[in-house]
Amino acid sequence: QVQVVEYGGGLVQSGGSLRLSCVLSGSPFSLYDMGWYRQAPGKERALVAAISSGGSANYADSVKGRFTISRDNAKRTVYLQMNSLTPEDTAVYYCNAQWVMVRSNYWGLGTQVTVSS
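Keep in mind that what you see is a predicted model, and the values were worked out from it rather than measured. (Residues numbered from 1 in each chain as written. Predicted model: local features only at pLDDT ≥ 70, side-chain atom pairs only at ≥ 80, totals over all residues. Heavy atoms only, no water.)

A. Seen up close, unusual backbone geometry. Although it is not a glycine, Ser84 adopts a positive phi angle of roughly 50°. With respect to the helices and strands, Ser84 occurs in the loop between β8 (77–82) and β9 (91–99). What makes Ser84 partly exposed here is its relative accessible area of 40%. Phi at Arg103 is positive, roughly 55°, even though this residue is not glycine. The residue Arg103 is located in the loop between β9 and β10 (104–107) in this model. (Helix = DSSP H or I, 4+ residues; strand = E, 2+ residues; numbered from the N terminus. Buried < 20%, exposed > 50% of the residue type's maximum accessible area, 1.4 Å probe, protein only.)

Okay, here's the thing in C-alpha cells:
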C-alpha cells in the first residue's frame, strides 16, 4: 500500500522559516516526480514547487528565492525549506507523488502552515 505522509507544519512568525518533509512508502521513491502544493481558505490548490525523479526543480513565482525543494532518495523523502515566510504563505501544504510511466498519482493528507504577522 502506497502512503504519502507530510511532516513539519506549524505556526511561525512572519519572516521565519519552516522545513516540511514528505515520506513516500510502499513504492520506489526514486522513480517518482514529487511536488508540494498548497491550498489557502477559499482558494484552489496550487503548485508551490516540484522536483523530478532526475532532480530538476521548478517553483511558483510567488516562492522563488524563498523556498527550496530537495529530495533524498535513500530516505524516500522530499523536503520543502521555506524561508522569509509571510502571512500569504498560510495554507495547508500537500505532498504529491507522480510516477508518470505507470500513471500513479498519490497525495498526502496535508500539513497546516500558519504564518502570523
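B. The state of the cysteines, seen in detail. A complete count under the given rule lists one disulfide for this structure. With its sulfur 2.0 Å from that of its partner, Cys22 forms a disulfide with Cys95. The chirality of the disulfide connecting Cys22 with Cys95 is left-handed, given an S-S dihedral of about -85°. Of this pair, Cys22 sits in strand β3 (residues 18–25) while Cys95 is found in strand β9, placing the two residues 73 residues apart along the sequence. As far as the burial class goes, Cys22 and Cys95 line up, both buried. (Disulfide = S-S within 2.5 Å.)

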